Amino acid sequence: MTQTLGPVMLDLEGTELRSEEREMLMRQEVGGVILFARNVEHARQVRELCNAIRSVRPGLLLAIDQEGGRVQRLRDGVTRLPAMGRIGRDYEANPEVTLRLCLDAGWLLGMEMAACGLDLSFAPVLDVDTGISSVIGDRSFSSDPHAVAAMAGAFIGGLHEAGMAAVGKHFPGHGSVAADSHLELPVDDRPLEQLRQHDLIPFAELSSRLDGVMPAHVVYSAFDARPAGFSASWLGLLRESLGFKGTIFSDDLGMAGAGYAGSPGERALAALDAGCDMVLVCNDRAAALEVLDACQGRSVRLGSRLRYGRARPDIDSLAALGRWRRVHARLEAMASL
């Protein structure tokens, strides 16, 4: 089944929905909301905020970046997750135990985010850590692309077991550039075949299991002069060569790496025309309004798997589950090291 939504995902100012934001969310160009740390006090407040958003537009996708480690917007009332690189550190010595923990971590994350009222977290990271990119670093499971694919695959299995979608990022791989695409436009000059034999491996192995993919604001100059998220060639390779059939989300159009495509409205149209299904515009309300105006009349049909379709657990009821207690204790202990 599919659903028709606007092609824009945007953010909110604070922990409660403001009257002007209610009006903005009624615009048909809006398809989703992403929450940041400024929107979050604790798990119950997030559930209340999600309920308030759905009282305005029940069909909107509600998302968050909740990876673990450095990238964990919601911390109070949920499990403190270690960086995935911390989990992956044990893979070579204990692959079966590590894969089970990855599965459990995905399940726990999915259950907790569902209990908080969210539809999805933009996870897992499929970038391969080469020791070059500080912005990726321990957000990656491993420096071995096949190990990344194995552990991320287990994590995806856990998310799906909890009823939550999986969104892999940052296609075709952000781990081999030093520059931070939040601050500038990185350029990776390696030939396509080298990318295929390294960075693309997790995406190729997991494309059939991913519900969404987020491309990088990185130029891979040997293949295309445009950043991947604005490249019909890269997004066509994702669809055609890798067989990906899910939803393509742009990375935040407010990042410096997206400046290649012009004004906020021009960036949005360029990303959509290249093959993105939904564009994210964050941390700039004027830019968000410009993007909404630029996208008037546009819509996208998204797979229903993106939406959390089960009865949501209560955040307090999770502690009654033996599996949750066991995994929570293990992950909290790892995160404290």
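Residue numbers here run from 1 along each chain, matching the order of that chain's written sequence. For a predicted model such as this one, the threshold for reporting local features is a pLDDT of at least 70, and the threshold for listing and counting side-chain atom pairs is 80 or more; totals across whole chains, interfaces and linings nevertheless cover every residue. With hydrogens and water set aside, each side-chain value is computed from the structure's full complement of heavy atoms.

The name given to the protein chain in an unreviewed UniProt entry is Beta-hexosaminidase, and the organism recorded there is Billgrantia aerodenitrificans. UniProt positions are given in the numbering used here, feature names are shortened, and annotations may be inferred rather than shown by experiment. The heading Catalytic activity (unreviewed entry) in the UniProt record of the protein chain holds the text "Hydrolysis of terminal non-reducing N-acetyl-D-hexosamine residues in N-acetyl-beta-D-hexosaminides."

On the UniProt side, "active site" (unreviewed entry) is annotated at positions that read His-182 and Asp-251 here. The largest pairwise C-alpha distance within this set of annotated residues, which runs over 70 residues, is 9.9 Å, so the set is compact in three dimensions. Each residue's exposure class comes from its accessible area (1.4 Å probe, protein chains only) as a fraction of the maximum for that residue type: buried when under 20%, exposed when over 50%, partly exposed otherwise. Given the relative accessible area of 44%, His-182 is considered partly exposed. The residues touching His-182, leaving out its near neighbours within four places in the chain, are Val-135, Met-255 and Ala-256. Only runs of H or I of at least four residues qualify as helices and only runs of E of at least two qualify as strands under DSSP, and these elements are numbered from the N terminus. Residue position: Asp-251 is located in strand β12 (residues 247-252). Classification of Asp-251 by relative accessible area gives buried; the value is 11%. The contact definition used throughout considers only heavy atoms, calling two residues in contact when any of these lie within 4.5 Å. What Asp-251 contacts, discounting residues up to four positions off in sequence, is His-170, Met-214, Pro-215, His-217 and Leu-280.

Where burial is concerned, most of strand β3 (residues 30-35) is hidden: 6 out of the 6 residues are buried. Following the chain from strand β2 (residues 8-10) across helix α1 (residues 19-25) to the adjacent parallel β3, one finds a crossover that is right-handed. Pairing geometry for β3 and strand β4 (residues 61-64), over 4 bridges, is parallel. The partner of Gly-32 across the bridge, within β4, is Leu-61. Assignment of crossover handedness uses the view with strands pointing away from the viewer, where a clockwise path from the first strand over the helix to the second indicates a right-handed crossover. Once you follow β3 into helix α2 (residues 43-56) and on to β4, the crossover reads as right-handed. Here, strands pair whenever DSSP counts at least two bridges between them.

For Asn-283, the position within the fold is in the loop between β13 (278-281) and α10 (285-294). Asn-283 sits 272 residues away from Asp-11 along the chain, and the two C-alpha atoms are 7.0 Å apart. N or O atoms within 3.5 Å of each other form a polar contact, as long as, within protein, one can give a hydrogen and the other can take it, and as long as residues adjacent in sequence are counted only when both atoms are side-chain atoms. One polar contact links Asn-283 to Arg-38, side chain to side chain, over a distance of 2.8 Å.

With that settled, the discussion passes to the pattern of salt bridges. What makes a salt bridge here is a side-chain nitrogen of Lys or Arg within 4 Å of a carboxyl oxygen of Asp or Glu, nothing more. This model, assessed by the stated rule, comprises 27 salt bridges. A salt bridge links Asp-65 to Arg-73; its shortest N-O distance comes to 3.6 Å. Classification of Arg-73 as partly exposed rests on a relative accessible area of 25%. Where Arg-190 meets Asp-199, a salt bridge forms, and the shortest distance between an N and an O atom there is 2.8 Å. Asp-199 matches Arg-190 in its accessibility class, with the two residues each being buried. Here the residues in one salt-bridge network are Asp-65, Glu-67, Arg-73, Arg-139 and Lys-169, joined through shared partners.

In this section: helix α8 (residues 232-241). Every buried residue belonging to α8 is among Trp-234, Leu-235, Gly-236, Leu-237 and Leu-238, and all of these are buried. Of the surrounding elements, those touching the buried residues of α8 are β8 (167-171), α6 (192-196), β10 (212-215), β11 (219-220), β12 and α9 (264-274).

With respect to topology, 8 strands assemble into an open sheet ordered β7-β4-β3-β2-β13-β12-β10-β8, the strand pairing being parallel. In the strand order of this sheet, the two ends are held by β7 (120-121) and β8, each with one partner.

Checked against the element boundaries, Pro-95 lands in helix α4 (residues 95-115). With relative accessibility at 35%, the residue Pro-95 sits in the partly exposed group. Remark: the alpha-carbon pair of Pro-95 and Ala-270, spanning 175 residues in sequence, is separated by 42 Å.

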